[in-house]
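Listed here are the chains, written in short residue letters.
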Amino acid sequence: MADDNSIIYGLEFQARALAPQLAETEAVRFFVGTQSLKFSQNQIHLVELDEEQSFVNTRVFPHSVGEIWSVSPSPLKHDIITTCYNTLTEESTCLMKSSLWRLPPTESDDRGDTDQEAGSGPQHYSSGPLECVCEFDTLEYGKEVKVSAFHPTDGSKVMSIVDNHFLMFDIGGSSSKIVSKGTLESKGQPKFMTGKWNPHHKCTQFVTASECSIRSWDLRENNKQAWCIEGAHSQLVRDFDINPNKQYYIASGGDDGCTKFWDVRNPSEPVISRSDHSHWVWAVRYNHFHDQLVLTSSSDARLVLTSVASISSEPDGHLGANEDETDTKKGILADGILATYDQHEDSVYSVEWSVADPWTFASLSYDGRLVINKVPKAVKYKILL
């Protein structure tokens, strides 16, 4: 089911990195990072939705150091981001690196790219270069930097995932320095796929995915393992997300095409397991305001919006809901698929909810197609009314 109100923005290059601008709570904005094989051509796009006119305005920043694999915005400063990127060394070999960047002010934008007057149509501006604040020195620990994620409330701390290590950097000074680190010790030295801060427990835990398992590390206890879901998926775990409103609950997606929901206090089996995709699940995201809403994206070129009301933070959430029925109480939806979106023609590597509007989300496929959609009105009104 495609929403007629969706907005499509096409990039010139392939892309897989997508993130909302966390420090911007008034406007719907997303960062997109490109993956051009010509490293010098890569860009960061800051895409802003104009809801009244139903189009997007964009600022484009050169990212000439290499193809972007992930982008992480600061939760406190709208002009600060990190990127993980593939770059060329002096020996012409590829190397994954990560850096902290500052966006230039809007005054540096080249507004000659559009014939439209401001406010009369989509605005596409070429901006000045990104300022490299610092590089994260990760080479000693491995070659694959997956993500450099900001602490949810402390903008001076960044956690980088490198091979089988997680490194916490302090960026409060003029340079970055490692203040804490942890290592996954296991046979074959499996590498981390991704990692995220746990927003609960005063942000003192960091969660990682490696091979088929998900682990949490307690930063207060010398990075000791806090819990583990062994064999969360029968194949590789691609992504996971932590319920922002209900501690102990997480969602995961993997190469088995499944999306699973877990209570980490009982990790032996999932609370809910769904097989809504026909190929790998690349991304899973809880809605930050209404955690009964979950988005998943896949290599099957589809997005799925799912309800998991029975295990949400809604006080009347209940188990055993029939997917063909909708509870008549306020805010209660039956568990199951609410909508599917098929506007993409390639693998959908990323999906993200807007920080400014809980009903808006964006998805990005490898062919460089960014699609902005909204939760169906019937679902929205069911929750609100």
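Residues numbered from 1 in each chain as written. Predicted model: local features only at pLDDT ≥ 70, side-chain atom pairs only at ≥ 80, totals over all residues. Heavy atoms only, no water.

A. A look at the pattern of salt bridges. As enumerated under the stated definition, the model contains 19 salt bridges in all. Here Glu144 makes a salt bridge to Lys191, at a shortest N to O gap of 3.3 Å. Taken as a pair, Glu144 in the loop between strand 10 (131-135) and strand 11 (145-150) and Lys191 in the loop between strand 14 (177-183) and strand 15 (192-197) lie far apart in primary sequence, 47 residues in all. Note that Asp239 and Lys196 form a salt bridge whose closest N and O atoms lie 3.6 Å from each other. Residue Asp239 is found in strand 19 (residues 237-242), and its partner Lys196 is found in strand 15; the two are separated by 43 residues along the sequence. Residue classification places Lys196 among the buried positions, given a relative accessible area of 15%. (Salt bridge = Lys/Arg side-chain N within 4 Å of Asp/Glu carboxyl O. Helix = DSSP H or I, 4+ residues; strand = E, 2+ residues; numbered from the N terminus. Buried < 20%, exposed > 50% of the residue type's maximum accessible area, 1.4 Å probe, protein only.)

B. The arrangement of the sheet that holds strand 22 (residues 272-274) in detail. With respect to topology, four strands assemble into an open sheet ordered 19-20-21-22, the strand pairing being antiparallel. Each edge of the sheet is formed by a strand with only one pairing partner; in this case those strands are strand 19 and strand 22. The sheet shows a mean angle of 20 degrees between the axes of neighbouring strands, taken without regard to direction. (Pairing = 2+ DSSP bridges. Axes fitted to C-alpha atoms, helices over the stretch in contact; angles between N-to-C directions.)

C. Expanded view of the packing of aromatic side chains. Going through the model one piece at a time under the given rule, you end up with 12 aromatic pairs. With a centroid separation of 6.4 Å and an interplanar angle of 55 degrees, the aromatic rings of Tyr85 and Trp101 are classed as tilted. Taken together, the residues Tyr85 in strand 7 (residues 80-88) and Trp101 in strand 8 (residues 94-102) connect sequence positions 16 residues apart. Comparing Tyr85 with Trp101, the two get one shared label, buried. Among the aromatic residues, those joined into a ring-pair cluster are Phe166, Phe192, Trp197, Phe206 and Trp217. Here the basic side chain of Lys196 rests over the ring of Phe240, its NZ or CZ set 5.5 Å away from the ring centre. Positioned over the ring face of Tyr249 is Lys246, at 4.3 Å from the centre of the ring. (Phe/Tyr/Trp six-rings, centres within 6.5 Å; stacked < 30°, edge-to-face > 60°. Lys NZ or Arg CZ within 6 Å of the ring centre and 35° of its normal.)

D. Region of the structure containing the side chain of Gln21. In this fold, Gln21 is placed in the loop between strand 2 (15-20) and strand 3 (29-34). With a relative accessible area of 3%, Gln21 lands in the buried category. Those residues in contact with Gln21 that lie beyond four places of it in its chain are Arg29, Phe30, Phe31, Leu46, Pro73, His78 and Val355. (Contact = heavy atoms within 4.5 Å.)

E. Main features of the UniProt feature "repeat: WD" (unreviewed entry) in the protein. Within the UniProt annotation, "repeat: WD" (unreviewed entry) is assigned to residues 230-272. Taken end to end, residues 230-272 has its terminal C-alpha atoms 16 Å apart, with 0% of it in helix and 42% in strand. (UniProt positions renumbered as here; feature names shortened; annotations may be inferred.)

F. Focus on the confidence of the model for the protein. With 91% of its residues at a pLDDT of 70 or more, the protein has an overall mean of 91. Confidence drops under a pLDDT of 50 for residues 317-328, and excluding neighbours within four residues, the segment shows 24 contacts in the predicted structure. (pLDDT = per-residue confidence, 0-100.)

G. Spotlight on the side chain of His344. Within the secondary structure, His344 sits in the loop between strand 26 (336-341) and strand 27 (348-353). A polar atom in the side chain of His344 sits 2.8 Å from the side chain of Ser365. Excluding residues within four positions of it along the chain, His344 makes contact with Ala301, Ser363, Leu364, Ser365, Arg369 and Val371. (Polar contact = N/O pair within 3.5 Å; in protein donor to acceptor, adjacent residues only side chain to side chain.)

H. Structural context of the sheet that holds strand 25 (residues 303-307). Spatial strand order, 23-24-25-26: four strands in an open sheet with antiparallel pairing. Edge positions in the sheet fall to strand 23 (281-286) and strand 26, since each of these pairs with one other strand and no more. Sheet twist, expressed as the average angle between the axes of neighbouring strands with direction ignored, equals 20 degrees. Strand direction decides the pairing type here: strand 25 and strand 26, joined by five bridges, are antiparallel. When the bridges of strand 26 are listed, Leu305 appears paired with Ala339.

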